[in-house]
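# Coordinates in review
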Amino acid sequence: MPGTDLDLLIAASKEAGQIATRYSGKSAKTWHKPDDLGPVTEADLAVNEMLHRELGAARPDYGWLSEESEDNAARLTQDKVFIIDPIDGTRSFIEGADTWAHSLAIAEKGVVTAAAVYLPLKGKLYSASAGRGAFLNGAPIRASGRSDLTGATMIAAKPNFHPTNWRGQKVPEVKRAYRPSLAYRLSLVAEGRFDAMLTLRDSWEWDIAAGDLILREAGAITSDKRGNALRFNNPYPQVKGVVAAAPGLHADLAGRLAQWPD
């Protein structure tokens, strides 16, 4: 496996793509997780097995957090941890669509330092390492320079636009879009194709860790729905939603959201 953490994640994401694309989403064996946590396929498990084996062998002193692995409190004692979603957008994968992704990140003391989001059927590899910028297929990317929220493009699921989520029940006038994979939504804002991204539901770390760094290295601002910086490798691996936007929009967007109790 390659030397730097980013090189390691990029190589692993490409190998994950080779494994996942051997399966036909519509015919892959599928199970439903308990507690209505969504579907999982044999492709998710095969990718997870490879990633755990290869990444663990390359960095045996790093902790491990993955959607498809039983959580272990040992990760909380380790300074660095892998945060992995073997296939983000499993429903999209099952449908035979092309908008699912592999989301791989490394966090150090709660902050993501290396990240890769790979969509093999779209041929799109987003990557970033701390202080070195964000890239799409090796070319630098930058977040939007927009500063007016009215008319901005926002990628979010429909429930986020319910009036009760906004101060005074005033929903901003934005152009709405949606993609199934949360990691891809975040990456599209980093790429500058959308001005902002919003999810107000509590979000699993493996869905957003890689996208958080890619966004920040592309010049965007990220926070939870209360405006707090995102922190990772939490004892319960969720954060309070995600607000990601161009630097000229984030404060306005976050300021218009309803306020939630702690």
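Right, let's walk through the structure included here. (Residues numbered from 1 in each chain as written. Predicted model: local features only at pLDDT ≥ 70, side-chain atom pairs only at ≥ 80, totals over all residues. Heavy atoms only, no water.)

Oppositely charged side chains can pair when the atoms bearing their charge come close. Taken as a whole and judged by the stated rule, the model has 9 salt bridges. In this structure, Arg-53 and Glu-54 form a salt bridge, with 3.4 Å as the shortest nitrogen-oxygen distance. Residue Glu-54 is classed as partly exposed on the basis of its relative accessible area of 24%. Between Glu-191 and Lys-124 there is a salt bridge, and its shortest N-O distance comes to 3.3 Å. Residue Glu-191 is located in the loop between helix H4 (182-190) and strand E12 (196-199), and its partner Lys-124 is located in strand E7 (residues 124-129); the two are separated by 67 residues in the primary sequence. The class of Lys-124 is buried, set by a relative accessible area of 10%. (Salt bridge = Lys/Arg side-chain N within 4 Å of Asp/Glu carboxyl O. Buried < 20%, exposed > 50% of the residue type's maximum accessible area, 1.4 Å probe, protein only. Helix = DSSP H or I, 4+ residues; strand = E, 2+ residues; numbered from the N terminus.)

Counting 41 residues, the largest nonpolar core has Tyr-126 and Ile-214 as its most contacted members. For this core, the secondary structure elements donating two or more residues are strand E4 (80-88), strand E5 (101-108), strand E6 (111-119), E7, strand E8 (134-136), H4, helix H5 (205-217) and strand E16 (242-245). Among residues more than four places away in sequence, those in contact with Ile-214 are Ala-115, Val-117, Tyr-126, Ser-127, Ala-128, Ala-134, Ile-141, Ser-187 and Ala-190. Within the second largest apolar cluster, 28 residues are counted, among which are Ala-20, Ala-43, Leu-55 and Trp-100. (Core = buried A, V, L, I, M, F, W, Y, C linked by side-chain atoms within 4.5 Å. Contact = heavy atoms within 4.5 Å.)

Before going further, it helps to spend a moment on the environment of Ala-128. Mapped onto the secondary structure, Ala-128 falls in strand E7. A relative accessible area of 0% places Ala-128 in the buried class. For the pair formed by Ala-128 and Val-111, sequence separation is 17 residues and the distance between their alpha carbons is 13 Å. Filtering out sequence-adjacent residues up to four positions away, Ala-128 remains in contact with Leu-6, Thr-113, Ala-114, Ala-115, Gly-133, Ala-134, Leu-213, Ile-214 and Glu-217.

Taken together, the 7 strands give an open sheet; going across it, the order is E3-E4-E5-E6-E7-E8-E9, and neighbouring strands pair in mixed fashion. Bordering the open sheet on either side are strand E3 (63-66) and strand E9 (139-140), each of which pairs with just one other strand. Sheet topology note: the E5/E6 ladder contains 7 bridges and is antiparallel. Looking across to E6, one finds that Ile-106 is bridged to Ala-114. Contacts from helix H2 (residues 42-58) reach E3, E4 and E5 within the one sheet, and its direction differs from that of E4 by about 155°. Along the sheet, H4 contacts E4, E5, E6 and E7; its crossing angle with E7, the most-contacted strand, is approximately 70°. (Pairing = 2+ DSSP bridges. Axes fitted to C-alpha atoms, helices over the stretch in contact; angles between N-to-C directions.)

This model, assessed by the stated rule, comprises 5 aromatic pairs. Seen in terms of ring centroids, Phe-93 and Trp-100 are 5.0 Å apart; in terms of plane orientation they differ by 85°. Their pairing is edge-to-face. Assigned by exposure class, Phe-93 and Trp-100 land together as buried. Note on Trp-204 and Tyr-236: the rings are 5.6 Å apart at their centroids and 50° apart in plane angle, and the pair reads as tilted. With Trp-204 in strand E13 (residues 203-204) and Tyr-236 in the loop between strand E14 (221-223) and strand E15 (238-239), the pair connects residues that are 32 residues apart, well separated along the chain. Each residue in the set Tyr-62, Trp-64 and Phe-82 is aromatic and connected to the rest through ring pairs, giving one cluster. Above the face of the Phe-161 ring, Arg-176 is positioned so that its terminal group lies 4.1 Å from the ring centre. (Phe/Tyr/Trp six-rings, centres within 6.5 Å; stacked < 30°, edge-to-face > 60°. Lys NZ or Arg CZ within 6 Å of the ring centre and 35° of its normal.)

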